[in-house]
Each structure stands twice: as structure tokens, then as C-alpha cells.
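# Working through the structure, step by step
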Amino acid sequence: MKKQTVALLLASTLGLFGVHRFYLGQRRAGLLYLLFCWTGIPALLALVESLVYACTSRQKWADRYNQGRVDSPVPKLVVVLTVGLPLLLFAAFVVSVLFPDLDF
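Anyway, here's the lowdown on the structure attached to this text. In every chain, residue numbers begin from 1 and rise along the written sequence. Selection of residues for local features in this predicted model requires a pLDDT of at least 70, selection of side-chain atom pairs for listing and counting requires 80 or more, and totals for whole chains, interfaces and linings are taken over all residues. As a rule here, side-chain values cover all heavy atoms of the structure and leave hydrogens and water aside.

## Details of the pattern of salt bridges
What counts is decided by this rule: Salt bridges are defined by distance alone: a side-chain nitrogen of Lys or Arg within 4 Å of a carboxyl oxygen of Asp or Glu. Here a strand is any run of E in DSSP of at least two residues, a helix any run of H or I of at least four, and the numbering for each starts at the N terminus. Burial status follows relative accessibility: with a 1.4 Å probe on protein chains alone, a residue under 20% of its type maximum counts as buried, one over 50% as exposed, and anything between as partly exposed.
Applying the stated criterion across every chain, the model contains two salt bridges. Asp71 is paired through a salt bridge with Lys3; the nearest N and O atoms lie 3.2 Å apart. Placement of the pair is Asp71 in the loop between helix 5 (58-65) and helix 6 (76-98) and Lys3 in the segment before helix 1 (4-14), with a sequence separation of 68 residues. Residue classification places Lys3 among the partly exposed residues on the basis of a relative accessible area of 37%. Its salt-bridge partner being Glu49, residue Arg21 comes within 2.3 Å of it at the nearest N-O pair. Here Arg21 is found in helix 2 (residues 19-23), whereas its partner Glu49 is found in helix 4 (residues 41-55), with 28 residues between them in sequence.

This is the structure in C-alpha cells:
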């Protein structure tokens, strides 16, 4: 059983190195992430994938990775901490770059 929560946590924390891809059994994609980790592109891809993993329904996840066996849902706190917080920090970074003279 490939747990959706574990894949989400791996993508949001170690996605730069493709650990989530190895967990899901996608070795070639994991190797590509490792090969290009120095570029930062895998980190952006992993952020997008963590969003996809967080938004994927339990049934769709079960059909794709667990031969139709449905697992427990991803806790909302995990989604907020692994997806919402990085997006908020990224938005703050973009605002600080675009508007360097703003004082808060």
C-alpha cells in the first residue's frame, strides 16, 4: 500500500531529491530528480506534485497506486503544513522581490 500522506510528506520535504518518486515505484523519474537536483527544477516540480497529491481523491489514489484499495484520508493539518505554508512563504518571497521598498 502506497500511502497518500507519506507521498505528500516526502514530496514536500525531500522532493528535491525525488524520494517521493522512489516511494511510488517510479525509479526512472527518481533518478532524473537526483540527476538534476542541483538545478532546483525538481524542487519546483515536487511542490506542484505535493499540491496534486493533496488534491487527489482517495479513490483516484487507490486506483492508481493501490489496486483500488482505499486508505485513510490525508489529515487536513498535514495538507496545511506541507502545502499551504510553503506556498505562503513562496508568495512572501515573490512580493519581497517585486516590491523591495515595502515596509511592514
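Now that the structure has been shown, the text picks up again.
## Here we look at the environment of Leu34
Filter applied, for reference: Whether two residues touch is decided by their heavy atoms; if any such pair falls within 4.5 Å, the residues are in contact.
Residue placement: Leu34 occurs in helix 3 (residues 27-35). Given a relative accessible area of 40%, Leu34 falls into the partly exposed group. When neighbours within four sequence positions are excluded, Leu34 is seen to be in contact with Phe17 and Phe22.

## What to know about the side chain of Ser50
Along the chain, Ser50 falls in helix 4. If we ignore the near neighbours within four places in the chain, the residues touching Ser50 are Leu8, Ala11, Ser12 and Val83.

## Let's talk about the nonpolar core
Which entries qualify depends on this criterion: For the purposes of this section, nonpolar cores are sets of buried Ala, Val, Leu, Ile, Met, Phe, Trp, Tyr and Cys residues that join through side-chain atoms within 4.5 Å.
In this structure, Ala7, Leu8, Ala11, Leu24, Tyr53, Trp61, Tyr65, Val74, Val78 and Val83 together form the largest nonpolar core, which totals ten residues. Those elements that provide at least two residues to this core are helix 1, helix 5 and helix 6. Excluding residues that lie within four positions of it along the chain, Tyr53 makes contacts with Gln4, Ala7, Leu8, Ala11, His20, Leu24 and Trp61.

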